[in-house]
Amino acid sequence: MSYIKETEEYLKNVLKDCGYEIDNVVLESSQRRDLGEFQINCAMNLAKQYGKNPRKIAQDIVDHLDDRFVDINIAGPGFINVKVNEKNLVNKMNESINDFDKLIDKCEPKTIVIDYGGANAAKALHVGHMRSANIGESLKRLAVVLGNKVIGDVHLGDLGRQSGMVISEIKKRKPDLCYFDPNYKGEYPKLEITPEELADYYPTASAAAKEDENRLEEVRQITAWVDEGKEPYLSMWKDIVEVSKNEIKKTYDFLNCNFELWEGEMSSLNYVDDTLKILKPFMYESEGAQVIDVAKEDDKIEIPPLIVIKNDGATIYATRDLATIYSRMKNNNPDEIWYVVDARQGMYFEQVFRASYKSKLVPENVNLAHYYFGTMNGKDGKPFKTRDGGVLQLNDLLSMIREELSKKMDKYEDGSEKEEILDKLTVATVKFADLLPFRTTDYIFDIEKFSSFEGKTGPYILYTMVRINSILEKTNINNIKIDKICSETQRSIYIKLLELSRTLEKSYNEKTLSYICDYLFEVCSLFNKFYGECNIVNEKDESIKNNYISMLHLIYNTCTKLLDILAIKVPNKM
Ligand code: ARG
C-alpha cells in the first residue's frame, strides 16, 4: 500500500479520536513546498458540518497527530501543512527498493476486455492506427499493474471491401489460377501470396476500382461472396488474412503491443445467429433494413437508429461488433469492455452500446466504454500525411524516426548493438510522444523535437536510465539499504516517489498515460539535478555512497516499471 493511502487511513482514525465523522480524508501534495510537503484540508469542511471555527478544528487535529509528521503548521483558514518524518520516509523508500507494490495501491479487481489495435487485414497499418495500439497497450498494462484481469483483443478488420479488392487483383494478374476456372473440379490448393505482393495489390486495385465502374462491380461481387462464405473465395481470403496478420503482427511486436486475442470481424460471424436471437424483439424494418431505435428522450443531439442488417440481408460492421460483444460476455464474462478507438467512431459506439443494453445483450452493471483519442497531426495542424498527400504508413513513420535518431548515433559503429539501441530509441521516441498528450487531445508530431535527447522526450528518459544503469554497473556495494537522507534533492526525489500512487490513480481514472509520462520526466529531471550536484561514484564517505547507490536502485527499479507500463524497453547502454 502507498504512503498516501496508509496515511489517509491513519488520519481517518485521528479524526475519529477527535470526535469527527468523515468518509475520507485526503492527503494532498503541497504546491507550496516552503510550507510543507503535504497538506490536510478537511478542517474547512468539518467546520461547516459541525458549525465550528476551522482553525480550532485544525488545531485540534494537530494536537492529536503522532510523530510521523514534522514542521506542522496551520495556514490561512485552516490548512494543515506537514513534512514527512525522516525515519518514516527512509523506511518507506527502503522497503520499496525491490517492491514496487509498496509505492502503489491496487484497485478493486475487475475483469476487463480491451479492444484496441483494430488493424485492417490486407491494408497497411497507417499512422491513424498507432494511437489505438499505444494507448490501448499501456492502459492494459496499467490495469494489470493495478490488479485487474485484462484481456486485450486486436479485433482485426478482416471483412470488407479489402477481400474483393485483393482477390480481383489476383484474378487480373494471374487469371490462370485454378480458383478462377469455373470448370475446375479438384481440391483447391492453399493460396500462395507474398507480403510484398499483398502490399501492392490492395492499393493498385483500389485505384483501379475508382476509375472503372466494371472493376468496382467485380470487387463488390467478390466481397459479397466472401461475406456469404462462398468458396473458393472464402478460403482464398483466409489465406490472405493469415499472410497479412503476420505482417501486422511484426509491427505490433516492434511496438511491444501483445494481444491476448487475435479475434476479428470474421470470427464474430460464428455468434451472429445467437446475437440476432437476442436482438430480434427490438428490431424492426426500415427501408428494407433491420434497425434498432436507440434514441432517448433527453438526448441533446439526434441519435439515429442503429442498422443491424442491411437491406440486402447482409451483416455489417455493427452486426459484427454486437456479435463480438455477445462472444465476449459468453467467453470472458467481463465487468468492463473498453474500446480504444478513434474519436470519429463516437456516435457509432454510442449506438452500439445503447442497443446492447436495451436488448440485454449486456447487463446494466457491465460497463461498455469508448475511450477515444485525439488525432496525430503534421506540422500544418492537419492529419499526418505523406509529402504527396497520401496516408502515411506506420512503418514509414517509424523509419523516419529511426533515420533521425541514427544521425545522432554516429559514434557507434554499424552493427547489431547499434541496431538494437536504435530500435529501442525509436520505440521510446514514438511512444513517449504519443502517450504524453492527454488522451483526448490532438497533437502535432514533430520528429525533431520528439527525438531530441533534451526535453520531455523518450530519448531523454532512456538516456537518464542508461546513465543510472552505468553508475550501478561501475559501483559495487554489498549492502543495498536506504537509511538516511543526505541532500535536499534526494529528499525531493523521495517525496516525488511517495506521490507515485496518485499519479497512477489519476491516470487510471482518466484513462490517460499523460500523467505517467510527466511523472517520469520529473523523476528523471530530479535525478539529473542530483547527478549534477553529487559526485556519486567518487564519494569518499562509504555510508553516504551506499545511500546514494541504494537510491539509484530504487529510482531505476521504479522507472523501469513505469516504462514497462508505457511498453518502452530500456537499453543497457547508449
Ligand atoms: N478496424 C476498425 C478501423 O480501422 C477499428 C476497429 C475498432 N474496434 C471495434 N470493435 N469496432 O476503423
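Let me begin by describing the structure that accompanies this report. Predicted model only: the values in this text are computed from it and were never measured. (Residues numbered from 1 in each chain as written. Predicted model: local features only at pLDDT ≥ 70, side-chain atom pairs only at ≥ 80, totals over all residues. Heavy atoms only, no water.)

1. Observations concerning the overall build of the protein chain
Here is the rule: Only DSSP runs of H or I reaching four residues or more are called helices, and only runs of E reaching two or more are called strands; each is numbered from the N terminus. Three exposure classes are used, based on accessible area relative to the maximum for each residue type with a 1.4 Å probe and protein chains only: buried under 20%, partly exposed in between, and exposed over 50%. Contacts are residue-level and defined by heavy atoms, with any inter-residue pair within 4.5 Å sufficient. Residue burial considers only the protein chains on display, and all accessible areas are found by Shrake-Rupley using a 1.4 Å probe.
Within the protein chain, the regular secondary structure consists of 21 helices and 13 strands. Once the C-alpha set of the protein chain is aligned to its principal axes, its extents read approximately 90 × 65 × 40 Å. Counting every position in the protein chain, which comprises 574 residues, the buried fraction comes to 52%. A fraction of 73% describes how many contacts in the protein chain between residues 6 or more apart in sequence connect residues 24 or more apart. Accessible surface for the protein chain amounts to roughly 27000 Å². Of this, 47% is attributable to carbon and sulfur atoms.

2. A look at the sheet that holds strand 11 (residues 367-370)
Formally: Strands are labelled as partners when DSSP assigns at least two bridges between them. Note on geometry: axes are C-alpha line fits, over the in-contact stretch for helices, and angles between N-to-C directions span 0 to 180 degrees.
An order of 6-5-10-11 is seen for the four strands of this open sheet, with the pairing classed as parallel. Strand pairing shows two members of the sheet lacking a second neighbour, strand 6 (149-153) and strand 11, which therefore form its edges. Strand-to-strand twist in this sheet, taken as the mean axis angle between neighbours without regard to direction, amounts to 15 degrees. Here four bridges tie strand 10 (residues 336-339) to strand 11, and the two strands are oriented parallel to one another. Bridged to Tyr339 within strand 11 is His370. The strands that helix 12 (residues 317-331) touches are strand 5 (111-115), strand 6 and strand 10; relative to strand 10, the one it contacts most, it runs at about 145 degrees. Helix-sheet contacts for helix 13 (residues 346-358) involve strand 10 and strand 11, and the interaxial angle to strand 11 is about 170 degrees.

3. With respect to the packing of aromatic side chains
We apply this condition: Any pair of Phe, Tyr and Trp rings, taking the six-membered ring for Trp, is counted once the centres come within 6.5 Å. Such a pair is stacked with planes under 30 degrees apart, edge-to-face with planes over 60 apart, and tilted for the rest. Here, a charge over a ring is recorded when the distance from Lys NZ or Arg CZ to the ring centre is within 6 Å and its angle to the ring normal is within 35 degrees.
Evaluation of the coordinates by the stated rule reveals 26 aromatic pairs. Centre to centre, the rings of Tyr184 and Tyr188 are 5.2 Å apart; their planes meet at 35 degrees, and the pair counts as tilted. Here the aromatic rings of Phe349 and Phe353 are separated by 5.7 Å at their centres, their planes lie at 40 degrees, and the arrangement is tilted. One end of the pair, Phe349, and the other, Phe353, are both in helix 13, four residues apart, so they sit about a helical turn from each other. Comparing Phe349 with Phe353 shows no difference in burial state: the two are buried. Within the aromatic cluster, the residues linked to one another by ring pairs are Tyr317, Tyr339, Tyr348, Phe349 and Phe353. For the cation-ring pair, Arg439 lies above Tyr372, with the distance from its terminal atom to the ring centre recorded as 5.9 Å.

4. Section: the site of the ligand
Rule in force here: Only heavy atoms are used to decide nearness, and a residue is near a molecule or strand if one of them lies within 4 Å of it. Pairing of N or O atoms within 3.5 Å defines a polar contact, subject to two protein rules: one partner must be a possible hydrogen donor and the other a possible acceptor, and residues neighboring in sequence count only if both atoms are side-chain atoms. Classification used: nonpolar for Ala, Val, Leu, Ile, Met, Phe, Trp, Tyr, Cys and Pro, charged for Asp, Glu, Lys and Arg, polar for all others including Gly.
Residues in contact with the ligand, as listed here, are Asp115, Gly118, Asn120, His129, His155, Tyr317, Asp321, Tyr339, Val341, Gln345 and Phe349. A distance of 3.0 Å separates an oxygen atom of the ligand from a polar side-chain atom of Gln345. Protein burial of the ligand: of its 350 Å² of free accessible surface, 86% is covered by the chains. Broken down by class, the residue content of the shell around the ligand amounts to four nonpolar, five polar and two charged.

5. A look at the pairing of strand 6
The following threshold applies: Call a crossover right-handed when, viewed with both strands pointing away from you, the route from the first strand across the helix to the second goes clockwise.
Where burial is concerned, most of strand 6 is hidden: four out of the five residues are buried. Pairing of strand 5 with strand 6, which is carried by five bridges, proceeds in the parallel orientation. Looking at strand 6, one finds that Thr111 is bridged to Lys149. Chirality of the crossover, the property in question, places the unit of strand 5, helix 5 (residues 130-145) and strand 6 among those that are right-handed.

This is a description of form; function is not addressed.
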